[in-house]
Amino acid sequence: QVQLVESGGGLVQAGGSLRLSCAFFGRTFSDYVLGWFRQAPGKEREFVASINWSGTSTYYTDSVKGQFTISRDNAKNTVYLQMNSLKPEDAAVYYCAASRLAGSVTATWGYDFWGQGTQVTVSL
């Protein structure tokens, strides 16, 4: 069984930055595509970014391209999401997830394991 534990969320002013981390436990980290999703109140969970097993291929939803960066450290079994120039509309609970599928996995059903989420709040 895989366990994912997110950290790094918090309150930040608009224009600021946060780096989210997600620690992976239980299986071979490099066997999984890792993704970040977010869910704002009253909205569906939406895809943010994904990264392949080696870290050589990344994929982003259009709204965060050039603003967010996903990365992974296979030696530390950790995936990161660097978020810059944060806007109020980026506020949400952010979840990391692990998928056994190959390629750019953007659908929630493509992910087998989920973390509990970390809250990101952006103030004006």
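Described in the following lines is the structure provided in the data block. (Residues numbered from 1 in each chain as written. Predicted model: local features only at pLDDT ≥ 70, side-chain atom pairs only at ≥ 80, totals over all residues. Heavy atoms only, no water.)

Structural notes on the sheet that holds strand β3 (residues 18–25)
Taken in spatial order, the 4 strands line up as β1-β3-β8-β7 in an open sheet, and their pairing is antiparallel. In this open sheet, the two edge strands, each paired with only one partner strand, are β1 (3–7) and β7 (68–73). Averaged over all pairs of adjacent strands, the angle between their axes in this sheet comes to 15°, without regard to strand direction. In terms of strand pairing, β3 meets strand β8 (residues 78–83) through 6 bridges, oriented antiparallel. In the strand pairing of β8, Leu-18 is matched with Met-83. (Pairing = 2+ DSSP bridges. Helix = DSSP H or I, 4+ residues; strand = E, 2+ residues; numbered from the N terminus. Axes fitted to C-alpha atoms, helices over the stretch in contact; angles between N-to-C directions.)

Overview of the nonpolar core
Counting 29 residues, the largest nonpolar core has Leu-4, Trp-36, Leu-81, Met-83 and Tyr-94 as the members making the most contacts within it. If you look at the next biggest cluster of nonpolar residues, it comprises 6 residues, including Val-33, Phe-47, Val-105 and Tyr-111. (Core = buried A, V, L, I, M, F, W, Y, C linked by side-chain atoms within 4.5 Å. Buried < 20%, exposed > 50% of the residue type's maximum accessible area, 1.4 Å probe, protein only.)

Focus: the state of the cysteines
In the structure shown here, the tally under the stated rule is 1 disulfide. What pairs with Cys-22 in a disulfide is Cys-96, and their sulfur atoms sit 1.8 Å apart. Within this pair, whereas Cys-22 is found in strand β3, its partner Cys-96 is found in strand β9 (residues 92–99), the two being separated by 74 residues in sequence. Cys-96 carries the same exposure label as Cys-22, and that label is buried. (Disulfide = S-S within 2.5 Å.)

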